[in-house]
Amino acid sequence: VFFLIPRMKFLANFLSYLFHPLYMPLISVFILLNLPLYINYKFSASFHIHIYLIIFVNLMLVPLLFSLYLKKNKLIDSLHLSNVKQRSLPYLISLFFYLFTILLFNKVGLPRLYLVYLSAAALTLFFLLIFAYFNFKMSAHLAGLGGLCGVLLAVAVLFSIDNSYLLISFLL
């Protein structure tokens, strides 16, 4: 049994990085854009790439660069944000870019499903920010995975499609 512990820690760290909360918007939108939904067929592949790039820059790269800046200036100890008191500023910065991205996607006419999903993600981030402000340590990883599972379940119900294979794979 003891020889499995290092492998289990490696697997846990690997999954933690693979499903990092910063990746969740890109993973979720990628999955949604590739589901057989009628709302996806009006957009070209190049439009999909633009959506991915906007999400990558606004919701992954910029918050990561801000976090690196905060770490360099010793406003946070680590990018892992283990200290709950240090989570507020990175969450606030991310929340600002979520709102900016929602406004941008609203202007280009992205379907309501995507705007509602990003709004729910922003609301979740707002609650994580509030909890962090009051020193309650909440799991951003589970919030992100919960949001992904929630949107998959909502899509299954609203569009009458079977995406249970995706839902089960993310729940496991």
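To start, this report covers the structure provided alongside it. (Residues numbered from 1 in each chain as written. Predicted model: local features only at pLDDT ≥ 70, side-chain atom pairs only at ≥ 80, totals over all residues. Heavy atoms only, no water.)

## Side note on the packing of helix α6 (residues 140-159) against helix α7 (residues 164-171)
Basically, it comes down to this: To get an axis, fit a line to the C-alpha atoms, keeping to the stretch in contact for a helix; angles then go from 0 to 180 degrees between the N-to-C directions. The helix count covers DSSP runs of H or I at least four residues long, the strand count covers runs of E at least two residues long, and both are numbered beginning at the N terminus. Each angle is binned into one of four classes, with values under 35 degrees roughly parallel, values over 145 roughly antiparallel, values of 65 to 115 roughly perpendicular, and all other values oblique. For a crossing to be left-handed, the near helix must be turned anticlockwise from the far one by less than a right angle; the clockwise case is right-handed. The contact criterion used is simple: two residues touch if any of their non-hydrogen atoms lie within 4.5 Å. Any residue that is not Ala, Val, Leu, Ile, Met, Phe, Trp, Tyr, Cys, Pro, Asp, Glu, Lys or Arg is counted as polar, Gly included; the first ten are nonpolar and the last four charged.
Interhelical geometry of α6 versus α7 gives an angle of 165 degrees and a closest axis separation of 10 Å. By the angle between their directions, the pair α6 and α7 is classed as roughly antiparallel. Note that α6 runs across α7; the crossing there is left-handed. Facing L145, L148, C149, L152 and L153 of α6, the residues of α7 in contact are L166, L167, F170 and L171. In terms of residue class, the contact of α6 with α7 is made up of nine nonpolar, no polar and no charged.

## Structural notes on the layout of surface pockets
Quick reminder of the rule: As defined here, a cavity is a set of points on a 1 Å grid over the protein atoms alone where a 1.4 Å probe fits but cannot get out. A pocket is an open set with protein on both sides within 12 Å along at least five of seven lines, and residues line them when an atom is within 4 Å of a point. Grid points are joined across faces, edges and corners, and a volume is the space filled by probe spheres set on the points.
Considered as a void within the structure, the largest pocket measures approximately 1,000 Å³ in volume. Forming the walls of the largest pocket are 42 residues, and the residues nearest its centre are H20, P21, L22, Y91 and A140. Of all the elements in the fold, those that place two or more residues in the lining of the largest pocket are α1 (5-18), α2 (24-33), α3 (45-72), α4 (88-108), α5 (112-133) and α6. Of the residues contributing to the lining of the largest pocket, the split by class is 28 nonpolar, 12 polar and two charged.

## Focus on the packing of aromatic side chains
Remark: the centre distance and the inter-plane angle together describe each pair of aromatic rings, the angle taken between the planes. Operational definition: Any two rings among Phe, Tyr and Trp, with Trp reduced to its six-membered ring, count as a pair given centres within 6.5 Å; such a pair is stacked if its planes are under 30 degrees apart, edge-to-face if over 60, and tilted if neither. Each residue's exposure class comes from its accessible area (1.4 Å probe, protein chains only) as a fraction of the maximum for that residue type: buried when under 20%, exposed when over 50%, partly exposed otherwise.
The final tally for this structure, using the stated rule, is 10 aromatic pairs. Both rings, one in F131 and one in F136, keep their centres 6.4 Å apart while their planes meet at 90 degrees; by these two values the pair is edge-to-face. For F131, a relative accessible area of 33% translates into the label partly exposed. Pairwise contacts between aromatic rings join F66, F96 and F97 into one cluster.

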